[in-house]
Amino acid sequence: MQYFKAPQKEALFVMNELLGYEKHYADLGFTDATPDMVEAIFSEAAKFAENVLAPINASGDAEGCKWEDGVVTTPTGFKDAYQQYVEGGWTGMTHPEKFGGQALPYSLNSVMAEWFSSANHSWAMYPGLSQGCIETLKEHGTEAQQKMFLHNLVGGSWTGTMCLTEPHCGSDLGMLKCKAEPNDDGSYSLTGTKIFISAGEHDMSENIVHIVIARLPDAPSGTKGISLFVVPKFHAGPEGEKLDRNAVTCGSIEHKMGIKGSATCVINFDGAKGYLVGTENRGLNCMFTFMNSARIGTGLEGLSASEAAFQGALAYAKDRLQFRAMTGVKNPDGPADPIINHPDVRRMLLTQKAFAEGNRALAIYAMKLVDVTQASQDEDAKTFANSKLALLTPIVKAFLTETAQESTSYGMQVFGGHGFIAEWGMEQLARDTRICTMYEGTTGIQAIDLLARKVVGSNGKLLTVFTNEVKEYCKSIRDKSQFNAWSNSIDKHIDEWHQITEDIMQRAAKNPAELGAASVDYLMYSGYIVVGYFWLQMAVVAQQKLDDGTGDPEFYKAKLHTAKFYFDRLLTRTRSLVSSMESGADNLMDMEEEQFNIV
Ligand SMILES: Cc1cc2nc3c(=O)[nH]c(=O)nc-3n(C[C@H](O)[C@H](O)[C@H](O)COP(=O)(O)OP(=O)(O)OC[C@H]3O[C@@H](n4cnc5c(N)ncnc54)[C@H](O)[C@@H]3O)c2cc1C
C-alpha cells in the first residue's frame, strides 16, 4: 500500500518563509486568508487527501471506470469521496461569493490540489476540470450563462469538462471539424465527435457542463475560425434548473495505461444545444483561460507524483536491508544495513527530493502570479504578473511533468523488483503520471510555445522581465559570501540563457527548423535554471533561519544539503542541454524520410 502524507510543512515554508504570502494575501485584500486560517484549511485538506482519497487510489486503479449503454460508473468510493468534497465546501473555495463561493485566493486551492493529486490522481481530475470550466465562464460567459451554470458548478452539484480533441485533431486545433449552427433563439446546435474527454461522463454529479470548441458554418479555416460554446448534458433553465436531456452522449471510454479511475470519454454531440461563449471565431482566445489554468494544474500533477514517489521510496529505503554500507556497518543488530546508506540509492532519493521541493517553489511562485492577475486592483502589477506567467506556464507544465517521469521511475528503482509489483503503488504512480507530458499540450508543444511564441514572439521581452528579477536577486545577496558560487552560477546561466536565445534566433532566421530542433532542450534548460533560482533562495532563507536559531534546524539543514545536491548534480545538466541545442537542426533534418525505414 502506497504511503502518503500531505507535505504541509513544505508548502508553508515556501508560502510564508520564501514567498511572503501573508503580505501577498493582505495586499490583495484577502483578509480571511490569515496564516491561522490557511493552516486550518491545510490541515483539513491533508486529512481529506490522506484518509479519504489515498485509500481508494489503488482500488480505483484496479477497478477502473465502467461504460454501459452510455452510462459511466466510477470506481467504488469515488462518488462518496466527491460528495464529501462538495459537503466540505471545497469546490467553491476560490470563487466569488455571488456564485456561492468563499472568495479565497486561487493559490490556496492550488497548493492543496497537489496533495489531492498525490493521493489519487484519477479522482482529482474530476474537480480539477470543473475549476477550468468555472474560470472560463467567470471570465468570458454572459450574465445569463453565469446564472445558468455557475452556482451549480461552484457548489459542485454539476461538474465541467474541456472538449477540444477530435480523432484527427489533437495538438493542431485548427483542424477542428465539430460544427455549430445558429438557431433562431440565439442558441447553437453542435454536431461532432470529441475524443479523450476527461470527466466527459460519470456518476459523481447531477449534470456535466461541457466547454466545447466548434466551427460556425462560415468560419475561416484554421485557428481563426474556432468558436467556444457551453453545452450541458442536461439542458439548464435560466436560474440553473436541471431540465431534460440534451443531445450529448458518451460513445465509449478509453482503456488506458494509467489514471484508470478517470473516465476518458468519446463524447458525441448530435445537434446538441449550446451557447456561444465570447465572440464568434475568437474561441481560442477564451479557451486559453481554461488551457492556462489546466496547464498549471497538469504541472501540479507532475509535482504531486514526484512527491508521492519520493515519500514511498524514502520509507522503503529506510526499511529495506541489503548489504553493508561501504562506509561501515550502520545497523549492527540487523543482518544488513538499510539501503538508504548506499550512495546510488541516495542519488535517486535526492533527485526526487530536489525536484519535488524545487518544483513546488516554482509552482507556488506561479500561483502567486495568478493571484495577482485575478485579484489585484493595480493594472501595472497585473500586466507584469501576466508577462512572467506567460513565460513560466509552459515551463511549469512541461518541466514539472518531465521531471516527474524521472522521479516516478526512481520510485520504482529504489524498490528494486518490488517497484514493479502492484502492491507498493510505485508502478501505478509511474503509469498514472505518464499522461502528464502528453495531455494539455505535449512537451513538444509547450516547448514551441515557450521558445517560438513567448520568447522569440516577444523579441526576448518576456524572458527579460523574468531574468531581471533573478539578476536583481543575485545582486542582493552578494554580501552572503557562502552563497557566491551558487549565485554566480545562476547569474552566469542567465547571461548564457540570453546568449543562447540570441543564437537560436539568428540560426532560425536562416532555417526555421532551428526553433523546433532546439525547443525541448531549451525548455528543460530554462526549467533547470528557474528551479535553480528557487533553490538558491530556499538555501539563503534556510541559512538565515539557522543563523537566527528559529524553527526546526534539521528542516533547514536538509534544505541546504538538498540545495547543494541540486547545484552539484542537477543544474549541471544544463551543460549537455547546451551542447545539444548548439548542435543545430541538421543532425535531425538532413536524414531523408526514406532513410528512417526499417530494412
Ligand atoms: C487520458 C487522456 C485525457 C485527455 N483529456 C482531454 C480532455 O479532457 N479534453 C481534451 O480536449 N483533450 C484531452 N486529451 C487529449 C490530449 O490533450 C491530446 O492527446 C494531446 O493534446 C495531444 O494530441 P494528439 O494525441 O492528437 O497528438 P498529436 O497532436 O497527433 O501529436 C503526436 C506527436 O507529434 C508531436 N507534434 C505534433 N505537432 C508538433 C509540432 N508542431 N512540433 C513538434 N511536435 C509536434 C507531439 O508532440 C506528439 O509527440 C486527453 C488525452 C488523454 C490520453
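Procedures and definitions
Residues numbered from 1 in each chain as written. Predicted model: local features only at pLDDT ≥ 70, side-chain atom pairs only at ≥ 80, totals over all residues. Heavy atoms only, no water. UniProt positions renumbered as here; feature names shortened; annotations may be inferred. Helix = DSSP H or I, 4+ residues; strand = E, 2+ residues; numbered from the N terminus. Domains from an automatic or database assignment. Contact = heavy atoms within 4.5 Å. Buried area = accessible area lost by both parts, 1.4 Å probe. Salt bridge = Lys/Arg side-chain N within 4 Å of Asp/Glu carboxyl O. Polar contact = N/O pair within 3.5 Å; in protein donor to acceptor, adjacent residues only side chain to side chain.

Per an unreviewed UniProt entry, the protein chain goes by the name 3-methylmercaptopropionyl-CoA dehydrogenase and belongs to Paraglaciecola arctica BSs20135. Its UniProt record gives the protein chain the following Catalytic activity (unreviewed entry) comment, quoted word for word: "3-(methylsulfanyl)propanoyl-CoA + oxidized [electron-transfer flavoprotein] + H(+) = 3-(methylsulfanyl)acryloyl-CoA + reduced [electron-transfer flavoprotein]".

A. Quick peek at the UniProt feature "domain: Acyl-CoA dehydrogenase/oxidase N-terminal" (unreviewed entry) in the protein chain. Summarizing the sequence annotation, UniProt attributes the feature "domain: Acyl-CoA dehydrogenase/oxidase N-terminal" (unreviewed entry) to residues 39–156 in the numbering used throughout. Secondary structure over residues 39–156 splits into 67% helix and 5% strand, and the C-alpha atoms at its two ends are 24 Å apart.

B. Structural detail: the UniProt feature "domain: Acyl-CoA dehydrogenase/oxidase C-terminal" (unreviewed entry) in the protein chain. Sequence positions flagged by UniProt for "domain: Acyl-CoA dehydrogenase/oxidase C-terminal" (unreviewed entry) are, in local numbering, residues 281–451. Secondary structure across residues 281–451 comprises 73% helix and 0% strand; the distance between its end C-alpha atoms is 26 Å.

C. Just the domain arrangement of the protein chain, in detail. You can read the domains of the protein chain as domain 1 (8–288), domain 2 (291–353 + 377–441) and domain 3 (451–587). Taken over C-alpha atoms, the centre of domain 1 sits 34 Å from the centre of domain 3. Taken together, the contacts link seven residues of domain 1 with 10 residues of domain 3. Here domain 1 meets domain 3 over a buried area of about 780 Å², counting both sides, of which 69% is carbon and sulfur. Counting the surface domain 1 buries against domain 3, the share from its top three residues, Phe13, Glu17 and Leu18, is 60%. Joining domain 1 to domain 3, the criterion identifies two salt bridges. Among the salt bridges present, the one from Asp552 reaches Lys9, with a minimum N-O distance of 3.1 Å. Inspection of the region where domain 1 meets domain 3 yields three residue pairs in polar contact (both at pLDDT 80 or more). For the side of domain 1 that touches domain 3, the element with the highest residue contribution is helix α1 (residues 8–18), accounting for five residues.

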